[in-house]
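This is what each chain is made of:
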Amino acid sequence: MHHLRGEVRGSGAAIGPDANSGIGFPRLYDLLVLILTRGRDRSYREALLDLAGLAPGFQLLDVGCGTGTQAIVAWRRVQPGGSVVGVDVSEKMLAAARRKAGRAGFDIAFHHADAAQLPFEDGSFDAVTFTTVLHMVPEARRSLCLHEAARILPPGGRLLLIDYAGPVSERGHMSAKHGLHGQFDLHRLREPLAAAGFERIEGGPLTWLGLHYLRGVRS
(Lines give C-alpha, C1' and ligand atoms only; values in the text may rest on other atoms or scores of the structure.)
Protein backbone atom coordinates (compact mmCIF):
# COMPACT_ATOMS: atom_id res chain seq x y z
CA MET A 1 0.00 0.00 0.00
CA HIS A 2 1.26 3.49 -0.80
CA HIS A 3 2.22 5.81 2.03
CA LEU A 4 2.53 9.59 1.93
CA ARG A 5 5.89 11.05 2.81
CA GLY A 6 5.73 14.29 4.77
CA GLU A 7 3.00 16.80 4.00
CA VAL A 8 1.18 16.91 0.70
CA ARG A 9 1.49 20.34 -0.82
CA GLY A 10 -1.64 22.44 -0.49
CA SER A 11 -3.36 24.93 -2.68
CA GLY A 12 -1.18 27.65 -4.09
CA ALA A 13 2.10 26.02 -3.10
CA ALA A 14 5.13 26.60 -5.28
CA ILE A 15 6.27 23.24 -6.58
CA GLY A 16 9.79 22.90 -7.95
CA PRO A 17 12.05 25.70 -9.18
CA ASP A 18 11.01 25.40 -12.82
CA ALA A 19 7.53 23.91 -12.50
CA ASN A 20 4.55 25.61 -14.05
CA SER A 21 0.98 25.63 -12.81
CA GLY A 22 -0.10 22.98 -15.30
CA ILE A 23 -3.15 23.12 -17.53
CA GLY A 24 -5.84 25.41 -16.16
CA PHE A 25 -8.82 24.74 -18.43
CA PRO A 26 -10.19 21.27 -17.55
CA ARG A 27 -13.47 21.40 -19.50
CA LEU A 28 -11.77 22.58 -22.68
CA TYR A 29 -9.04 19.97 -22.20
CA ASP A 30 -11.60 17.14 -21.97
CA LEU A 31 -13.40 18.43 -25.05
CA LEU A 32 -10.13 18.65 -26.99
CA VAL A 33 -9.20 15.05 -26.14
CA LEU A 34 -12.68 13.91 -27.19
CA ILE A 35 -12.32 15.72 -30.52
CA LEU A 36 -8.79 14.47 -31.19
CA THR A 37 -9.78 10.87 -30.45
CA ARG A 38 -12.89 11.28 -32.61
CA GLY A 39 -15.17 10.45 -29.72
CA ARG A 40 -13.21 7.35 -28.72
CA ASP A 41 -11.56 8.71 -25.57
CA ARG A 42 -12.46 5.58 -23.55
CA SER A 43 -10.90 3.27 -26.16
CA TYR A 44 -7.80 5.48 -26.22
CA ARG A 45 -7.43 5.23 -22.43
CA GLU A 46 -8.00 1.47 -22.44
CA ALA A 47 -5.30 1.01 -25.09
CA LEU A 48 -2.79 2.95 -23.00
CA LEU A 49 -3.58 0.91 -19.89
CA ASP A 50 -3.13 -2.32 -21.85
CA LEU A 51 0.52 -1.27 -22.24
CA ALA A 52 0.86 -0.78 -18.48
CA GLY A 53 -0.15 -4.39 -17.87
CA LEU A 54 -2.43 -3.50 -14.98
CA ALA A 55 -4.06 -6.34 -13.06
CA PRO A 56 -6.38 -6.67 -10.05
CA GLY A 57 -4.61 -5.72 -6.83
CA PHE A 58 -2.14 -3.31 -8.46
CA GLN A 59 -1.27 0.00 -6.78
CA LEU A 60 -1.04 2.60 -9.58
CA LEU A 61 0.25 6.18 -9.58
CA ASP A 62 -0.96 8.32 -12.50
CA VAL A 63 1.45 11.26 -12.81
CA GLY A 64 -0.04 14.31 -14.51
CA CYS A 65 -3.51 12.86 -14.02
CA GLY A 66 -5.29 15.90 -15.42
CA THR A 67 -9.07 15.65 -15.08
CA GLY A 68 -8.89 12.07 -13.84
CA THR A 69 -10.33 10.23 -16.85
CA GLN A 70 -7.46 7.76 -17.10
CA ALA A 71 -7.33 7.24 -13.32
CA ILE A 72 -11.01 6.30 -13.33
CA VAL A 73 -10.58 3.80 -16.18
CA ALA A 74 -7.52 2.39 -14.38
CA TRP A 75 -9.42 2.03 -11.10
CA ARG A 76 -11.77 -0.46 -12.74
CA ARG A 77 -8.75 -2.42 -14.02
CA VAL A 78 -7.10 -2.86 -10.61
CA GLN A 79 -10.20 -4.07 -8.75
CA PRO A 80 -10.61 -5.98 -6.60
CA GLY A 81 -8.00 -4.99 -4.09
CA GLY A 82 -6.08 -2.37 -6.06
CA SER A 83 -5.82 1.40 -5.78
CA VAL A 84 -5.18 4.40 -7.97
CA VAL A 85 -3.60 7.70 -6.93
CA GLY A 86 -3.33 10.74 -9.20
CA VAL A 87 -0.97 13.71 -8.96
CA ASP A 88 -0.94 16.94 -10.95
CA VAL A 89 0.46 20.47 -10.65
CA SER A 90 -2.83 22.09 -11.68
CA GLU A 91 -5.33 22.63 -8.87
CA LYS A 92 -8.09 23.23 -11.42
CA MET A 93 -7.48 19.88 -13.10
CA LEU A 94 -7.39 18.16 -9.71
CA ALA A 95 -10.70 19.72 -8.70
CA ALA A 96 -12.26 18.36 -11.90
CA ALA A 97 -10.72 14.93 -11.24
CA ARG A 98 -12.11 14.80 -7.71
CA ARG A 99 -15.58 15.70 -9.00
CA LYS A 100 -15.44 12.97 -11.65
CA ALA A 101 -14.27 10.29 -9.21
CA GLY A 102 -16.89 11.37 -6.69
CA ARG A 103 -19.68 11.10 -9.25
CA ALA A 104 -18.45 7.63 -10.23
CA GLY A 105 -18.29 6.58 -6.57
CA PHE A 106 -14.62 5.57 -6.83
CA ASP A 107 -12.15 6.00 -3.95
CA ILE A 108 -9.30 7.66 -5.84
CA ALA A 109 -6.91 10.02 -4.05
CA PHE A 110 -5.71 13.08 -5.98
CA HIS A 111 -2.74 15.12 -4.73
CA HIS A 112 -1.16 18.42 -5.74
CA ALA A 113 2.45 17.41 -6.37
CA ASP A 114 5.42 17.77 -8.68
CA ALA A 115 6.61 14.74 -10.67
CA ALA A 116 10.19 15.57 -9.68
CA GLN A 117 9.37 15.52 -5.94
CA LEU A 118 6.64 12.99 -5.24
CA PRO A 119 5.22 12.87 -1.70
CA PHE A 120 5.26 9.07 -1.35
CA GLU A 121 7.44 6.55 0.43
CA ASP A 122 9.91 4.32 -1.43
CA GLY A 123 8.39 1.33 -3.18
CA SER A 124 4.80 2.49 -2.66
CA PHE A 125 3.38 1.55 -6.07
CA ASP A 126 3.42 -1.38 -8.49
CA ALA A 127 3.07 0.79 -11.60
CA VAL A 128 3.54 4.44 -12.59
CA THR A 129 2.18 6.12 -15.72
CA PHE A 130 3.06 9.45 -17.37
CA THR A 131 0.62 10.23 -20.20
CA THR A 132 1.58 13.24 -22.36
CA VAL A 133 3.27 14.86 -19.38
CA LEU A 134 7.03 14.87 -19.89
CA HIS A 135 7.01 17.15 -22.93
CA MET A 136 5.76 19.89 -20.57
CA VAL A 137 8.56 19.29 -18.03
CA PRO A 138 11.74 21.37 -18.52
CA GLU A 139 14.46 19.17 -19.99
CA ALA A 140 16.76 19.64 -16.99
CA ARG A 141 14.10 18.14 -14.70
CA ARG A 142 13.05 15.10 -16.73
CA SER A 143 15.73 12.84 -15.25
CA LEU A 144 14.57 13.87 -11.77
CA CYS A 145 11.07 12.68 -12.68
CA LEU A 146 12.40 9.31 -13.86
CA HIS A 147 14.47 8.86 -10.69
CA GLU A 148 11.43 9.68 -8.57
CA ALA A 149 9.40 7.08 -10.48
CA ALA A 150 12.15 4.54 -9.81
CA ARG A 151 12.22 5.44 -6.11
CA ILE A 152 8.52 4.82 -5.53
CA LEU A 153 8.56 1.51 -7.43
CA PRO A 154 9.87 -1.76 -5.97
CA PRO A 155 12.10 -4.08 -8.02
CA GLY A 156 9.89 -5.41 -10.80
CA GLY A 157 7.62 -2.34 -10.73
CA ARG A 158 6.49 -0.99 -14.09
CA LEU A 159 6.86 2.46 -15.62
CA LEU A 160 4.91 3.52 -18.72
CA LEU A 161 5.59 6.77 -20.58
CA ILE A 162 3.28 8.00 -23.35
CA ASP A 163 4.33 11.04 -25.37
CA TYR A 164 5.39 12.46 -28.71
CA ALA A 165 8.38 11.05 -30.59
CA GLY A 166 10.16 10.65 -33.90
CA PRO A 167 11.26 13.12 -36.58
CA VAL A 168 8.69 15.92 -36.85
CA SER A 169 8.58 15.50 -40.64
CA GLU A 170 7.37 11.91 -40.16
CA ARG A 171 4.65 12.68 -37.62
CA GLY A 172 1.28 12.09 -39.20
CA HIS A 173 -1.01 13.72 -36.65
CA MET A 174 -1.25 17.51 -36.47
CA SER A 175 -1.13 17.54 -32.66
CA ALA A 176 2.31 15.87 -32.67
CA LYS A 177 4.04 18.53 -34.76
CA HIS A 178 3.65 21.88 -33.06
CA GLY A 179 4.99 23.75 -30.04
CA LEU A 180 6.31 21.67 -27.15
CA HIS A 181 4.91 18.54 -28.78
CA GLY A 182 7.09 18.98 -31.83
CA GLN A 183 10.20 19.79 -29.79
CA PHE A 184 9.97 16.60 -27.72
CA ASP A 185 11.17 13.10 -28.65
CA LEU A 186 10.24 10.45 -26.11
CA HIS A 187 12.84 7.99 -27.34
CA ARG A 188 15.64 10.28 -26.21
CA LEU A 189 14.73 9.16 -22.69
CA ARG A 190 15.90 5.58 -23.21
CA GLU A 191 19.34 6.28 -21.75
CA PRO A 192 18.03 8.39 -18.85
CA LEU A 193 15.57 5.57 -18.09
CA ALA A 194 18.41 3.07 -17.85
CA ALA A 195 20.42 5.50 -15.71
CA ALA A 196 17.44 5.88 -13.37
CA GLY A 197 17.37 2.14 -12.71
CA PHE A 198 15.07 0.67 -15.35
CA GLU A 199 15.70 -2.38 -17.50
CA ARG A 200 13.87 -4.28 -20.27
CA ILE A 201 13.17 -0.89 -21.87
CA GLU A 202 11.03 -1.08 -24.99
CA GLY A 203 8.89 1.26 -26.99
CA GLY A 204 7.35 2.21 -30.28
CA PRO A 205 4.50 4.05 -31.99
CA LEU A 206 0.85 3.90 -31.01
CA THR A 207 -2.10 4.15 -33.36
CA TRP A 208 -3.43 7.17 -31.44
CA LEU A 209 -2.65 10.86 -32.07
CA GLY A 210 0.90 10.29 -33.30
CA LEU A 211 1.95 9.18 -29.82
CA HIS A 212 4.67 6.71 -28.85
CA TYR A 213 5.35 4.71 -25.71
CA LEU A 214 8.34 3.72 -23.63
CA ARG A 215 8.09 1.24 -20.79
CA GLY A 216 10.57 -0.29 -18.42
CA VAL A 217 10.84 -2.46 -15.35
CA ARG A 218 12.50 -1.31 -12.14
CA SER A 219 15.71 -3.27 -11.66
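See above for the structure.
About the criteria used
Residues numbered from 1 in each chain as written. Predicted model: local features only at pLDDT ≥ 70, side-chain atom pairs only at ≥ 80, totals over all residues. Heavy atoms only, no water. Salt bridge = Lys/Arg side-chain N within 4 Å of Asp/Glu carboxyl O. Helix = DSSP H or I, 4+ residues; strand = E, 2+ residues; numbered from the N terminus. Buried < 20%, exposed > 50% of the residue type's maximum accessible area, 1.4 Å probe, protein only. Pairing = 2+ DSSP bridges. Axes fitted to C-alpha atoms, helices over the stretch in contact; angles between N-to-C directions. Contact = heavy atoms within 4.5 Å. Polar contact = N/O pair within 3.5 Å; in protein donor to acceptor, adjacent residues only side chain to side chain. Right-handed = clockwise from strand over helix to strand, strands pointing away. Expected span 1.5 Å × (residues − 1). Arc of directions from axis to C-beta. Phe/Tyr/Trp six-rings, centres within 6.5 Å; stacked < 30°, edge-to-face > 60°.

(A) Quick look at the pattern of salt bridges. One pass over the full model with this rule turns up six salt bridges. Of the charged contacts, one joins Glu46 and Arg77 as a salt bridge, the two residues approaching to 2.7 Å between their closest N and O atoms. Taken as a pair, Glu46 in helix H2 (residues 41–52) and Arg77 in helix H3 (residues 69–77) lie far apart in primary sequence, 31 residues in all. With its nearest N and O atoms 2.7 Å apart, the salt bridge here joins Arg77 to Asp50. Of the two residues, Arg77 sits in helix H3 while Asp50 sits in helix H2, which places them 27 residues apart along the sequence. Residue class for Arg77 comes out partly exposed when judged on its relative accessible area of 21%. Overlapping salt bridges bring together Glu46, Asp50 and Arg77 as one network.

(B) Geometry of the sheet that holds strand E6 (residues 198–205). Spatially, seven strands are ordered E3-E2-E1-E4-E5-E7-E6 in an open sheet, and the strand pairing comes out mixed. Of all strands in the sheet, those bounded by a partner on one side alone are strand E3 (109–112) and E6. Neighbouring strand axes in the sheet, compared pairwise and without regard to direction, differ in orientation by 15° on average. Note that strand E2 (residues 83–88) and E3 share four bridges and pair parallel.

(C) Region of interest: the environment of His212. With respect to the helices, strands and loops of the structure, His212 is situated in strand E7 (residues 211–218). Looking at His212, the relative accessible area reads 15%, which means it is buried. Once you skip the residues sitting within four places of it in the chain, His212 turns out to touch Leu161, Ile162, Asp163, Ala165, Leu186, His187, Gly204, Pro205 and Leu206. Only 2.9 Å separates the side chain of His212 from the side chain of His187, close enough to count as a polar contact.

(D) Broad picture of unusual backbone geometry. Following Gln79, the chain continues to Pro80 via a peptide bond in cis, the omega torsion being 0°. Locating Pro80 in the fold gives a position in the loop between H3 and E2. Although it is not a glycine, Thr132 adopts a positive phi angle of roughly 45°. Its identity as a non-glycine residue notwithstanding, Arg200 has a phi of 50°, on the positive side. On the secondary structure map, Arg200 appears in strand E6.

(E) Region of interest: the pairing of E2. For E2, the buried fraction is high: six of the six residues fall into the buried class. Burial along E2 is two-sided: the face carrying Ser83, Val85 and Val87 and the face carrying Val84, Gly86 and Asp88 are both buried. In this sheet, E2 lies alongside strand E1 (residues 59–63) in parallel orientation, the contact comprising five bridges. Residue pairing across strands places Leu61 opposite Val85, the latter belonging to E2. One crossover worth recording links E1 to the parallel E2 by way of H3, and it is right-handed. In this region the chain leaves E2, passes through helix H4 (residues 91–104) and returns to the parallel neighbour E3; the handedness of that crossover is right-handed.

(F) View of H4. If you check H4, its first and last C-alpha atoms are 20 Å apart, about what 14 residues at 1.5 Å a residue would give, namely 20 Å. Along H4, the positions that sit buried rather than exposed are Met93, Leu94, Ala96, Ala97, Lys100 and Ala101. Here the buried residues of H4 occupy an arc of 160° about the axis, which is enough to place them on one side. Seen from the buried face of H4, the exposed residues on the opposite side, beyond 90 degrees, are Lys92, Gly102 and Arg103. Looking at the residues trailing H4, positive phi occurs at Gly105, about 75°.

(G) How the structure looks around the packing of aromatic side chains. Under the criterion given, the structure shown has two aromatic pairs. Taking the centre distance of 4.2 Å and the plane angle of 15° together, the rings of Trp75 and Phe106 count as stacked. Within this pair, whereas Trp75 is found in helix H3, its partner Phe106 is found in the loop between H4 and E3, the two being separated by 31 residues in sequence. Taken as a pair, Trp75 and Phe106 share a single burial class, namely buried. On the numbers, 5.2 Å between centres and 85° between planes, the contact of Phe120 with Phe125 is edge-to-face. Overall, Phe120 belongs to the buried group, its relative accessible area being 0%.

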